[in-house]
Amino acid sequence: PGICMLSELKKLATRSGGQAGMSFHFGRINDRCDIMIQEFGKNGIMFEVCDLKDAGKLTSSVASSVRKSISKSVTASKSRSKSGGAVLLEESRSIKKYTIREAKPSEDEWKSTSAIPVKVLCNKPISSINDLKAPLLFGLVRLGESASSSTEEKTMLLKLAKDPFAEGEMRLAYYGKIGYTEFSLVATKGEKVLKTFKKTSKSSLTDRKDYLAQMEVSTIAQYLAEEYNKTSRPLHCPEIRFLVVNVVETAGGVTPEERYCAEEQLPFAATSFVKYSNNTGYWNEEEINQSLLLFTRFSLQKTNGYLMVTDLQGVRNGNEFILTDPAILCKDNTRFGSTNLGHDFMKSCITATDAMLEEYGWDE
């Protein structure tokens, strides 16, 4: 008596400081409460309605509601911490100073930017699934030739924007151009996104190892995506492609030693950038897609439980997902950098993936 439910719900919906509070879920057995739900909606109180007409769906409806509530809390938490990337194993490192500038450099700015000599590294092509059990060989990029451990040294040229245009949890992203000659830097074909870690190691060898690990992760993810695209799957499931990374190192003598992971730019005509999953078992149910779930499971099955590709993020371009910055979880904790959380999180990720496939009726 004397309690205004609308007022109380509004208090629960908003925390102090204007932060998002509780979300509300309603188990709908029949349509007798629909008007009540509509009236609350008119006053800004939105319910996540779980249809419970079919008693057999009660467990999955409740599980889905709980997951969505957790997902919203995770998203809000990441937003407040300016995070949103994969969970990683932390270590003490120095942080670079930077200023974000979202605008792409103008042609005049590119013309006035000095070209820096760099070495561009790539992984040796993967010939079979057995190649994934050991670190991939790498070498310098040579025009028209694949990488090998004995590739001769040949420098390329890099033009790099002064400021990063975006940042993630671990890295900064710059616009850049790479080519063999000054003339080739004018062409749009050489346009790249170059990513560098915010935190740097005091050891140059440790720092280089981090960048090589990122390149290896992207190479393996793309190999597994190509294998997945060959499989029989529902016609509505898009193909998957990962942006392959090259490690770019300044050649010395011009600037202090710097390294970047270079990849092609995402297509502007594609959908907005979306974080689909992470490396702990979280899936974004607002953007859930059967093909991404099937690929995650496929990566584990194809490697006989040795590793799995997680932390899926990127854009959808027609009937293709173009993804970037994945994380690989692996039984071997010494590989694939700080986002490899090991076997326990592999179990968490595949459990969550299997549960989502079953709940949505996509299980094979």
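Above this note sits the structure.
Remember, it's a predicted structure, so these values are computed and weren't measured experimentally. (Residues numbered from 1 in each chain as written. Predicted model: local features only at pLDDT ≥ 70, side-chain atom pairs only at ≥ 80, totals over all residues. Heavy atoms only, no water.)

Novice: Which parts of the structure should I look at to understand the sheet that holds strand S16 (residues 313-316)?
Specialist: Strand pairing in a sheet is mediated by backbone hydrogen bonds. Such pairs are either parallel or antiparallel. Taking strand neighbours across the sheet as the criterion, the four strands line up as S11-S17-S16-S14 in an open arrangement whose pairing is mixed. Looking at strand neighbours, the two that pair on one side only are strand S11 (239-242) and strand S14 (274-275), the edges of this open sheet. Strand direction decides the pairing type here: S16 and strand S17 (residues 320-323), joined by three bridges, are antiparallel. Looking at the pairing, Arg316 lines up with Phe321 of S17. Here helix H6 (residues 290-302) sits on the sheet and contacts S11 and S17; the angle it forms with S11, its principal contact strand, is near 65 degrees. (Pairing = 2+ DSSP bridges. Helix = DSSP H or I, 4+ residues; strand = E, 2+ residues; numbered from the N terminus. Contact = heavy atoms within 4.5 Å. Axes fitted to C-alpha atoms, helices over the stretch in contact; angles between N-to-C directions.)

Novice: Would you explain the side chain of Glu227 in this entry?
Specialist: Position of Glu227 relative to the elements: it lies in helix H5 (residues 204-229). By relative accessible area, which is 16% here, Glu227 ends up buried. Only 3.0 Å separates the side chain of Glu227 from the side chain of Lys230, close enough to count as a polar contact. Once you skip the residues sitting within four places of it in the chain, Glu227 turns out to touch Phe298 and Lys302. (Buried < 20%, exposed > 50% of the residue type's maximum accessible area, 1.4 Å probe, protein only. Polar contact = N/O pair within 3.5 Å; in protein donor to acceptor, adjacent residues only side chain to side chain.)

Novice: What's the story with the pattern of salt bridges in this structure? I'm lost.
Specialist: Oppositely charged side chains may form a pair once their charged atoms are brought near each other. Inspection of the entire model under this criterion finds 17 salt bridges. Residue Lys195 is joined to Asp325 by a salt bridge in which the shortest nitrogen-to-oxygen separation is 2.7 Å. Separated by 130 residues along the polypeptide, Lys195 in strand S9 (residues 191-197) and Asp325 in the loop between S17 and strand S18 (327-330) bring together distant segments of the chain. Among the residues examined, Asp325 registers a relative accessible area of 23% and is labelled partly exposed. Of the charged contacts, one joins Lys275 and Asp311 as a salt bridge, the two residues approaching to 2.2 Å between their closest N and O atoms. Taken as a pair, Lys275 in strand S14 and Asp311 in the loop between strand S15 (307-310) and S16 lie far apart in primary sequence, 36 residues in all. (Salt bridge = Lys/Arg side-chain N within 4 Å of Asp/Glu carboxyl O.)

Novice: Can you walk me through H6 in this structure?
Specialist: Because each turn of an α-helix spans 3.6 residues, side chains separated by three or four positions end up pointing in the same direction. Its 13 residues place the ends of H6 18 Å apart at the C-alpha level, agreeing with the 18 Å of an ideal helix rising 1.5 Å per residue. Burial analysis of H6 places eleven of its 13 residues in the buried class, the great majority of the element. Listed in full, the buried residues belonging to H6 are Gln290, Ser291, Leu292, Leu293, Leu294, Phe295, Thr296, Arg297, Phe298, Ser299 and Leu300. Put simply, Asn289 is the residue that caps the front of H6, since its side-chain oxygen is 2.8 Å from the backbone nitrogen of Ser291. Just beyond H6, the residue with positive phi is Asn304, at close to 55 degrees. (Expected span 1.5 Å × (residues − 1).)

Novice: It is not clear to me how the packing of aromatic side chains should be interpreted in this structure. Could you clarify?
Specialist: The relation between two aromatic rings is expressed through the spacing of the ring centres and the mutual angle of the planes. Summed over all chains, the structure comprises eight aromatic pairs. Seen in terms of ring centroids, Phe197 and Tyr211 are 4.9 Å apart; in terms of plane orientation they differ by 75 degrees. Their pairing is edge-to-face. Separated by 14 residues along the polypeptide, Phe197 in strand S9 and Tyr211 in helix H5 bring together distant segments of the chain. Comparing Phe197 with Tyr211, the two get one shared label, buried. Measuring from ring centre to ring centre gives 5.4 Å for Tyr276 and Phe321, while their planes differ by 80 degrees; the resulting arrangement is edge-to-face. Of this pair, Tyr276 sits in the loop between S14 and H6 while Phe321 sits in strand S17, and the two are 45 residues apart along the sequence. Here Tyr276 matches Phe321 in class, with each residue buried. What links up through ring pairs into an aromatic cluster is the set Tyr228, Phe242, Phe295 and Phe298. Against the face of Tyr306 rests Lys133, its NZ or CZ located 5.3 Å from the ring centre. Between the NZ or CZ atom of Arg171 and the centre of the ring of Phe197, over which it lies, the distance is 5.8 Å. (Phe/Tyr/Trp six-rings, centres within 6.5 Å; stacked < 30°, edge-to-face > 60°. Lys NZ or Arg CZ within 6 Å of the ring centre and 35° of its normal.)

Novice: Hey, could you run me through the packing of H6 against helix H7 (residues 343-359) in this one?
Specialist: Between two packed helices, what matters for the description is the angle formed by their axes and the separation of those axes. At a minimum axis separation of 10 Å, H6 and H7 run at an interaxial angle of 140 degrees. Taken together, the axes of H6 and H7 lie oblique to each other. The handedness of the crossing between H6 and H7 comes out as left-handed. Along its contact with H6, which presents Gln290, Leu293, Leu294, Thr296, Arg297 and Leu300, the element H7 presents Met346, Ile350, Thr353, Asp354, Met356 and Leu357. (Parallel < 35°, antiparallel > 145°, perpendicular 65-115°, else oblique. Left-handed = near helix turned anticlockwise from the far one by under 90°.)

Novice: How should I be thinking about the nonpolar core in this particular structure?
Specialist: One broad trend across soluble globular proteins is that nonpolar side chains are buried collectively. One finds Ile220, Ile240, Phe242, Phe295, Leu307 and Leu312 to be the most contacted residues of the largest nonpolar core, which totals 34 residues. At the level of elements, H5, S11, H6, S15, S17, S18 and H7 are the ones that each hand at least two residues to this core. When residues in this core are grouped by element, the largest group, seven residues, is from H5. Apart from the residues within four sequence positions on either side, Ile240 is in contact with Ala225, Tyr228, Asn229, Ser291, Leu292, Phe295, Phe321 and Leu323. Among the nonpolar cores identified, the runner-up in size contains 15 residues, and Val118, Met156, Leu172 and Leu194 belong to it. (Core = buried A, V, L, I, M, F, W, Y, C linked by side-chain atoms within 4.5 Å.)

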